Every structure is written in structure tokens, then in C-alpha cells.
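Structure at a glance
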Amino acid sequence: MATDTSWVGRAMAQTVPWVRSMNLEFGEVTPKRAVVRLPDDAAVHNHVGGPHAAMIFGLGETASGAITMAAFGALLERATPLVVSSEIRYLRLARGPLTATAVLGRPEADVLAELDAGTRPEFTVSVVITDADGRETTHLSVVWTLRPNRQANHF
């Protein structure tokens, strides 16, 4: 059964000010893949005329968050998704509009099974960022966890 994930981009734009201020555009967002675009804007360029590294990282991290919300957003009452670590590799100078494509590194069912077993699961989201010509400019790997929410004490 397909799950509607059309809410993810709107929710992120409403709750994450940086997403809104950068005018990020959400394309496909599913539990397996997310595509997010950063329009070209001279206001966020670096000294060589392309998006500043912080913008590129933010784009990739946002794409990883979009796929995480699509895959595990239904669990927000049980667990909070948090970034554990990230690694970025800049492959070539990025110029113009950029597109980040994120892919979930583990089956959702495996992550959910660990959460159900009482552990704090971790999963990796791999992100490839490309320029307008489809050239890979950046690779990003983001490790996420689902931290179980504390239950309120009932006396």
C-alpha cells in the first residue's frame, strides 16, 4: 500500500526556517528517494561564484531529512529523528542550480524492527548533488537515528 508523502516538503518549509529562506524546491519525496533543488542565488555564492559550501551541505542534509520524514514521519509520537553524523565530499566546483538526490541505505522494516525491539536504530542516507548539467558535484552521507521519546510519568 502506498503512503502519501506529499506533505513532507510543505511541512519542512513550514517548520525549518532555513528551508523556507533558501526557497528549496521539493520534487519526488518517497520513503526510498527524495529529490530537493537549490535555485541559483548570487546572495549565497562564495568567492568563486558558486553556492557556498554551507548552502551545498544544507541542501544535502535537507534531502536526507526529507527521506527520513517520508520513511519514519508516522512515528513522531514514538521517536524523534536526529542526525548522528555526516560526511561530505566536494568533487567539483558547483555552479548554478543544484539538485540533491537522497537514497535510504537500509530497508525501513529493519529500522522499525530495531525500534520495536527497544534499541535506538541508526541508518544512513546517501546523497548525490548534481549541477544543472547532471554532473556530480558533491557526495554526502548522513547517519540518522530514531531516538525513542520518553514516556510521561503517570502517577
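This text goes with the structure placed above it.
An account of the accompanying structure is given in this report. (Residues numbered from 1 in each chain as written. Predicted model: local features only at pLDDT ≥ 70, side-chain atom pairs only at ≥ 80, totals over all residues. Heavy atoms only, no water.)

Section: the overall build of the protein chain
Secondary structure summary: the protein chain contains 4 helices and 6 strands in total. Its C-alpha radius of gyration of 16 Å places the protein chain within 12% of the 15 Å reference for a compact globule of 155 residues. Along the three orthogonal principal directions, the C-alpha set of the protein chain runs to about 60 × 30 × 25 Å. Counting only residues that meet the buried cut, the protein chain has 39% of its 155 residues in that class. Restricting to contacts in the protein chain with at least 6 residues of sequence separation, those with at least 24 account for 69%. Summing over all exposed atoms, the protein chain offers an accessible surface of approximately 8700 Å²; the carbon and sulfur share of this is 53%. Across the protein chain, 14 positive and 16 negative side-chain charges occur, with their mean positions spaced 3 Å apart. (Helix = DSSP H or I, 4+ residues; strand = E, 2+ residues; numbered from the N terminus. Rg over C-alpha atoms; globule rule 2.2 N^0.38 Å. Buried < 20%, exposed > 50% of the residue type's maximum accessible area, 1.4 Å probe, protein only. Contact = heavy atoms within 4.5 Å. Areas by Shrake-Rupley, 256 points an atom, 1.4 Å probe, with all protein chains shown as cover. Lys, Arg positive; Asp, Glu negative; His and termini not counted. Charge placed at Lys NZ, Arg CZ, Asp CG, Glu CD.)

Examining the packing of aromatic side chains
Both the distance between ring centres and the angle between the ring planes are used here to describe each pair of aromatic rings. Following the criterion strictly, the structure yields 1 aromatic pair and no others. Their ring planes at 50 degrees and their centres at 5.0 Å tell us that Phe-72 and Phe-123 sit as a pair that is tilted. Here Phe-72, found in helix α3 (residues 53-72), pairs with Phe-123, found in strand β5 (residues 122-130); they are 51 residues apart in sequence, far enough to count as distant. Of the two residues, Phe-72 and Phe-123, both sit in the buried class. (Phe/Tyr/Trp six-rings, centres within 6.5 Å; stacked < 30°, edge-to-face > 60°.)

Thoughts on the sheet that holds strand β6 (residues 136-148)
Backbone hydrogen bonds hold the strands of a sheet together, and the pairing may be parallel or antiparallel. Reading across the sheet, the 6 strands line up as β1-β2-β4-β5-β6-β3 and stay open at both edges, with antiparallel pairing between neighbours. Edge strands, defined here as strands with exactly one partner in the open sheet, are β1 (25-29) and β3 (79-90). Taken over all neighbouring pairs, the strand axes of this sheet differ in orientation by 20 degrees on average, direction set aside. The pairing of strand β2 (residues 33-38) with strand β4 (residues 98-104) spans 6 bridges and is antiparallel. Bridged to Arg-37 within β4 is Thr-99. (Pairing = 2+ DSSP bridges. Axes fitted to C-alpha atoms, helices over the stretch in contact; angles between N-to-C directions.)

As for the pairing of β4
Of all 7 residues in β4, 5 are buried; the element is thus mostly enclosed. In the sheet, β4 pairs with β5 via 6 bridges, with the strands oriented antiparallel. Note on β5: the bridge partner recorded for Ala-100 is Ile-129.

Digging into the nonpolar core
Leu-59, Phe-72, Phe-123, Val-125, Val-127 and Leu-146 are the most contacted members of the largest nonpolar core, which has 37 residues in total. Contributing elements (two or more residues each) for this core: α1 (7-15), β2, α3, β4, α4 (108-116), β5 and β6. (Core = buried A, V, L, I, M, F, W, Y, C linked by side-chain atoms within 4.5 Å.)

What about the pattern of salt bridges?
Applying the stated criterion across every chain yields a total of 6 salt bridges. Note that Glu-114 is salt-bridged to Arg-106, the shortest N-O span being 2.6 Å. Overall, Glu-114 belongs to the partly exposed group, its relative accessible area being 27%. Its relative accessible area of 22% is what places Arg-106 among the partly exposed residues. (Salt bridge = Lys/Arg side-chain N within 4 Å of Asp/Glu carboxyl O.)

Focus on the pairing of β1
Direction of pairing for β1 relative to β2: antiparallel, over a ladder of 3 bridges. For Phe-26, the partnering residue across the bridge sits in β2 and is Val-36. The loop that links β1 with its antiparallel partner β2 comprises 3 residues.

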